[in-house]
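# Coordinates in review
This is what each chain is made of:
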Amino acid sequence: MAEHAFGGIAIRHLYKIFGPNAGAHVEAVRNGLTKTELNERHGHVLGLRDINIEMPSGSIQVIMGLSGSGKSTLIRHINRLIDPTAGEVLVDGVDVVKMPEAELREFRRHQTAMVFQKFALLPHRSVLDNTIFGLEIQGIARAQSIDTAMRWLERVGLKGFEHKYPNQLSGGMQQRVGLARALANDAPVLLMDEAYSALDPLIRTDMQTVLLDLQKEIRKTIVFITHDLDEALRLGDQIAILRDGEVIQQGTSQDIVLRPADNYVANFVKEVNRGRVVHVEAIMAPLGTAAAESGQRIAADLTIEEAVRTLASAPEGDITVVDPSGRPLGTVTFRQLAGAMVNAHETNDHATAIAANAA
Amino acid sequence: MDWFYQFPSMDDNALRNLKKVIDETFRGFTRNYGDLIEGFFAPLQHFLIASERFMTKTPWPIITLLILAIAWGATRSIRIAAGCLVTLLLIGYFDMWDDTMRTISMIFVCTILSIAIGLPIGILMSRSDRVQRVVNPVLDVMQTMPSFVYLIPVVMLLGIGKVPGLIAVVIYAIPPMIRLTNLGIRLVDKDVLEAADAFGADNRQKLFKVQLPLALPTIMAGINQTIMMALAMVVIASMIGVQGLGQPVLKAIANQYFTLGIFNGLAIVGIAIMFDRVSQAYGERLQKHREVVHG
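The structure presented is a predicted model; accordingly, all values stated were derived computationally and were not measured.

Counting its regular elements, chain A contains 16 helices and 14 strands. Expressed along its principal axes, the backbone C-alpha trace of chain A runs to roughly 65 × 60 × 50 Å. The buried share of chain A, reckoned over its 359 residues, is 38%. For chain A, restricting intrachain contacts to residue pairs at least 6 apart in sequence, the fraction spanning at least 24 positions comes to 67%.

Moving on to the pairing of strand 3 (residues 60-64) of chain A. All names here are of chain A. A large share of strand 3 lies buried, amounting to 5 of its 5 residues. By the alternation rule, side chains of strand 3 split into Ile60, Val62 and Met64 and Gln61 and Ile63, which are all buried. By the bridge criterion, 5 bridges tie strand 3 to strand 8 (residues 221-226) in an arrangement that is parallel. By the bridge assignment for strand 8, isoleucine 63 is matched with isoleucine 225.

Moving on, we come to the sheet that holds strand 10 (residues 246-251) of chain A. Residues and elements named next belong to chain A. A sheet is described by the order of its strands in space; here 6 strands give the open sequence 6-7-8-3-9-10, paired in mixed fashion. The two strands at the open ends of the sheet, each matched to only one other strand, are strand 6 (112-115) and strand 10. The mean inter-strand angle of the sheet, taken between neighbouring strand axes irrespective of direction, is 15°. Set on the sheet, helix 8 (residues 171-184) makes contact with strand 6 and strand 7 (189-193); between it and strand 6 the angle comes to about 180°.

Formed by 146 residues in total, the largest nonpolar core has its most connected members in A:Ile63, A:Ala180, A:Met192, A:Val223, B:Cys110 and B:Val169. Looking at which domains feed residues into this core, each of domain 1 (9-111 + 187-272) and domain 2 (276-341) of chain A gives three or more. Discounting chain neighbours no more than four positions away, the residues touching B:Val169 are B:Cys110, B:Ala230, B:Met233 and B:Ala237.

This part takes up helix 8 (residues 147-158) of chain B. End to end, helix 8 of chain B covers 16 Å across 12 residues, agreeing with the expected 16 Å (1.5 Å per residue, within 8%). In the stretch just after helix 8 of chain B, B:Gly159 is the one whose phi turns positive, near 75°.

Summarising the element assignment, A:Glu271 is placed in the loop between helix 12 (263-270) and helix 13 (280-283). Along the primary structure A:Glu271 and A:Met114 are separated by 157 residues, whereas in three dimensions their C-alpha atoms are 30 Å apart.

All names here are of chain A. In space, the 4 strands of this open sheet follow the order 11-14-13-12, with mixed pairing throughout. This sheet does not close on itself; its edge strands, each paired only once, are strand 11 (285-286) and strand 12 (296-299). With 4 bridges connecting them, strand 12 and strand 13 (residues 319-322) associate as parallel partners. Residue pairing for strand 13: alanine 299 is matched across the bridge by valine 322.

Here we come to the confidence of the model for chain A. Overall, the prediction assigns chain A a mean pLDDT of 87, with 92% of residues at 70 or greater. Here residues 344-355 of chain A scores under 50 on pLDDT; set against residues more than four positions off or in separate chains, the count is 3 contacts.

About the criteria used
Residues numbered from 1 in each chain as written. Chains lettered and ligands numbered in written order. Predicted model: local features only at pLDDT ≥ 70, side-chain atom pairs only at ≥ 80, totals over all residues. Helix = DSSP H or I, 4+ residues; strand = E, 2+ residues; numbered from the N terminus. Buried ≥ 20, exposed ≤ 12 C-beta atoms within 10 Å, placed from the backbone. Contact = placed C-beta atoms within 7 Å. Pairing = 2+ DSSP bridges. Axes fitted to C-alpha atoms, helices over the stretch in contact; angles between N-to-C directions. Core = buried A, V, L, I, M, F, W, Y, C linked by C-beta atoms within 7 Å. Domains from an automatic or database assignment. Expected span 1.5 Å × (residues − 1). pLDDT = per-residue confidence, 0-100.

Written out as structure tokens, the structure reads:
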């Protein structure tokens, strides 16, 4: 295939209203009609309101929200399993919304692949035949697609299972089949709709690792939907938080944890293990006039947890934070690192709660 | 107050005229188009005759082996194959072989025809709620209308013989095929269909790669029901000249031959059970992939 840099995904001013006469209400919603008002006055349900997200090529964009926030609706707009009421969805510069039927099918065959929450495997086909499904739809010769499928099955750790039926596999393994089926398509966009939500926590972490490892090689544009903030923070290069059909915050995991946009996000973030998310850079004191060249040196993009682990056995004293080229950026103390791992607010709340209980 | 005690019906003359007009119109239609319609059904007649000739002219050991081979191939069950063998031997021993072969041939053609017509109609019905709304009441009529009633116009058009019998049987036996095809396709998991959409499958690919394979167990149940209902019509069809196990039963009714009736009746039951067990076991074998469920 000719080398063509994939242009990423851009969602612009996307609105989705559910109901028989959705188009008529877009203007009112644009002018500030709320979800409740729309439902009470017109009996229509507001799915998404003015969504604007730029997803650069080759990165993992996480869309996080609780159930009913519209996240699954949003991801279905990217391959137009759901038609928007207004707005643009540009994939590699082409507006998916305006595609005619046949072109849309071609687009789905070659540009996108999808992994589903409930796996959505074909129960009457073996693991191998499930994996070649996308290639079969594209019309690729069976012998060739089997080669591709076997490669991906091996890559997701299912070698030796190719002749089993989905029902004979555990949930985690079924989702590996789902992942292999999507990857076999070799599409630049990988859509993952709550792909790991049905898996138990250990398997989920395991599958996250599989995805992160794979992404180092395949560099796809991945859109990952989840309701789990820990998962979002672990996987996302960029995270968008959705509530009631609106994006309430976009940014990197650092942005979300350190600067929550409002109370809603702050409430989520409270429960997060900050040590695994926040980088040393975020809590260091900027370098003063006299550079303290003594003591330990640590990289700025280390998480606090990693930093504490490496420093636990080191001698006491000032620690110098350096950038990748080894240039000192600032200093940090072990106490600061430990302090940053626990949210001050949370401890206060906790103490108040205990006091209240005791009284 | 007369109208209160006596239902104010149409007056006798008007009613008589109405019936007369309808009857005469239909008779005229028969006279003008009877040959044309008969010509239309001629291929079916050939098919029926060829099938019956094959079943009755082939020596019995070969037919027995053939049926056993089909039973074994479809079920892989010694028990079912042995059951078929015993049934066939008993039928032959009690001198009902020829009639049984004629009936099996008739049922075979009826089933093929019901599948060939019913499957596409069922598929169409599953794709459009409007078609479903139109077809459902027609199926209700076909299943509840006493078969003697639609035998009248069929016999008027085509006379007595195999083809009108075939049509009567198919009208009665096709509804479960259509209904269960429709139901099976409509019950296919929406998530799986969405996945097929997401991978860019067109309607044809969705039908053949997803919907029909997943609906197959239900469709097989439809075929099974169609066979059973066709067998139930054998006696009625014999009234309009279909040969087979129905005719001795008819004779037994007319002359009160108890034993003749029960022998032929049991032969019908015997082949019904054979067909049922074989087609059910085959349907189950088709969905082997559902058996081993991970805990």
